Each structure stands twice: as structure tokens, then as C-alpha cells.
Amino acid sequence: MANQMKIFSFFVGLLFVTTFGCGESAPKLVSVTGKVVFNNQPVTAGSIFLHPEAANTYQKDKPSSLLQLDGGFKFKTFPFGDGVPPGKYRVVLAPEVANRLKKPDYANPEKTPWQLNVPESGVQNIILEVQ
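Here's what I pulled together on the structure shown here. Please read all numbers here as calculations on a predicted model, not as lab measurements.

### Description of the overall build of the chain
Reasoning step 1: Across its full length, the chain holds two helices and ten strands.
Reasoning step 2: When the helices and strands of the chain are placed in sequence order, the string is α-β-β-β-β-β-β-β-β-α-β-β.
Reasoning step 3: In the chain, which comprises 131 residues, the proportion classed as buried is 35%.

What follows is the structure, encoded as C-alpha cells:
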């Protein structure tokens, strides 16, 4: 009976570890909000992404946001939630958005003219204008 309890305890522990992982800690997230405009009109129906620059300590999934009807965005970092780890980023539009605007460089992290330094206090209401 003692052996069966040990085996049972082992499998319960194994199930717990495989279900919940090793507990990767979430990075500190700060709010980043704003709008994307082109020819003084909101850019809608697409996504915007932040590509961490090489010096950033956070190098995992790219923070992203859907563009709202007013061109607004509020970045989230999957799987951690609302906000962005502080650091320097290249800002890009989804390729379909950049192509629709006939501005393909805005979809390429190496060619986009947009750079964003996210301080510990976050960034609120930034206007990103497609030129």
C-alpha cells in the first residue's frame, strides 16, 4: 500500500508540473497606447507589432495590438497580459496593412521608420503617422 501511495504521489506531482510548467515569471509590463494615422485618417482593420531591439532584455513573443476603428491601439504581451516590457522596439504594421497603404517598409522591422523607447512609466497616446 505504501508503494502505491508513492507511485500515486509521483504521478500527481508529474501531472502538476506538466500542467502548470516550471513557473516562468512574467516580465514587468507597462501601458503603451496610441493611434496610427495616414493622411490624417485613422488606420484600421489590421494589427501593429513591437519587435524588441537586440539590447532589450525581453526577447520573446512580440507585443501586439489590433487597430481599432479610430486607429487606436493598446499593446498586449502574450501570454502575460496588457502592456509591454520596458525597452527599445521597432514598430511595424501587419504586412496586409502596410501593403494596403502602399507602404511596405512599415511591415519590415529593419526598414520601418518607427522606433519606440518604452520607459518604466509606459507610453500614453502616442501618434504614429504613416508618411
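### Focus: the pattern of salt bridges
Reasoning step 1: Counting across every chain of the model gives four salt bridges.
Reasoning step 2: One salt bridge in this structure joins Lys 28 and Glu 120, with 2.7 Å as the shortest N-O distance. Taken together, the residues span a long stretch of sequence, with Lys 28 in the loop between helix H1 (2–20) and strand E1 (32–38) and Glu 120 in the loop between strand E9 (115–118) and strand E10 (123–130) at a distance of 92 residues.
Reasoning step 3: Asp 82 is paired through a salt bridge with Lys 76; the nearest N and O atoms lie 3.4 Å apart.
Reasoning step 4: Look at Asp 82 and you get partly exposed, because its relative accessible area is 42%.
Reasoning step 5: Linked through salt bridges whose partners overlap, the residues forming this network are Lys 74, Lys 76 and Asp 82.

### A word on the nonpolar core
Reasoning step 1: Membership of the largest hydrophobic core comes to 26 residues, with the highest contact counts inside it found for Val 32, Val 36, Ile 48, Phe 73, Leu 93, Trp 114 and Val 130.
Reasoning step 2: If you list the elements that add at least two residues to this core, you get E1, strand E3 (47–52), strand E8 (87–93), helix H2 (95–100), E9 and E10.
Reasoning step 3: If we ignore the near neighbours within four places in the chain, the residues touching Trp 114 are Val 36, Tyr 89, Arg 90, Val 91, Leu 93, Tyr 106, Leu 128, Glu 129 and Val 130.

### Here we look at the environment of Ser 25
Reasoning step 1: Along the chain, Ser 25 turns up in the loop between H1 and E1.
Reasoning step 2: Overall, Ser 25 belongs to the exposed group, its relative accessible area being 60%.

### What to know about unusual backbone geometry
Reasoning step 1: At the junction of Phe 78 and Pro 79, the peptide bond is cis and its omega measures out at 0° in the coordinates.
Reasoning step 2: Phi at Asn 40 is positive, roughly 60°, even though this residue is not glycine.
Reasoning step 3: Here Asn 40 is to be found in the loop between E1 and strand E2 (41–42).

### Things to note about the pairing of E8
Reasoning step 1: Counting buried residues in E8 gives six out of seven residues, a clear majority hidden from the surface.
Reasoning step 2: With five bridges connecting them, E3 and E8 associate as antiparallel partners. If you follow Ile 48 over to E8, its bridge partner there is Leu 93.
Reasoning step 3: Sheet topology places E8 next to E9; four bridges connect them, and they run antiparallel. Residue Lys 88 lies in a different strand from E9, and its bridge partner there is Asn 117.

### Here's the deal with the environment of His 51
Reasoning step 1: Its place among the elements puts His 51 in strand E3.
Reasoning step 2: For the pair His 51 and Lys 62, spaced eleven residues apart in sequence, the C-alpha separation works out to 5.7 Å.
Reasoning step 3: Once residues lying within four places of it in the same chain are set aside, the contact partners of His 51 are Lys 62, Lys 88, Tyr 89, Arg 90, Val 92 and Pro 109.

What counts, and where the lines are drawn
Residues numbered from 1 in each chain as written. Predicted model: local features only at pLDDT ≥ 70, side-chain atom pairs only at ≥ 80, totals over all residues. Heavy atoms only, no water. Helix = DSSP H or I, 4+ residues; strand = E, 2+ residues; numbered from the N terminus. Buried < 20%, exposed > 50% of the residue type's maximum accessible area, 1.4 Å probe, protein only. Salt bridge = Lys/Arg side-chain N within 4 Å of Asp/Glu carboxyl O. Core = buried A, V, L, I, M, F, W, Y, C linked by side-chain atoms within 4.5 Å. Contact = heavy atoms within 4.5 Å. Pairing = 2+ DSSP bridges.

Limitation: the analysis is restricted to geometry and does not speak to function.
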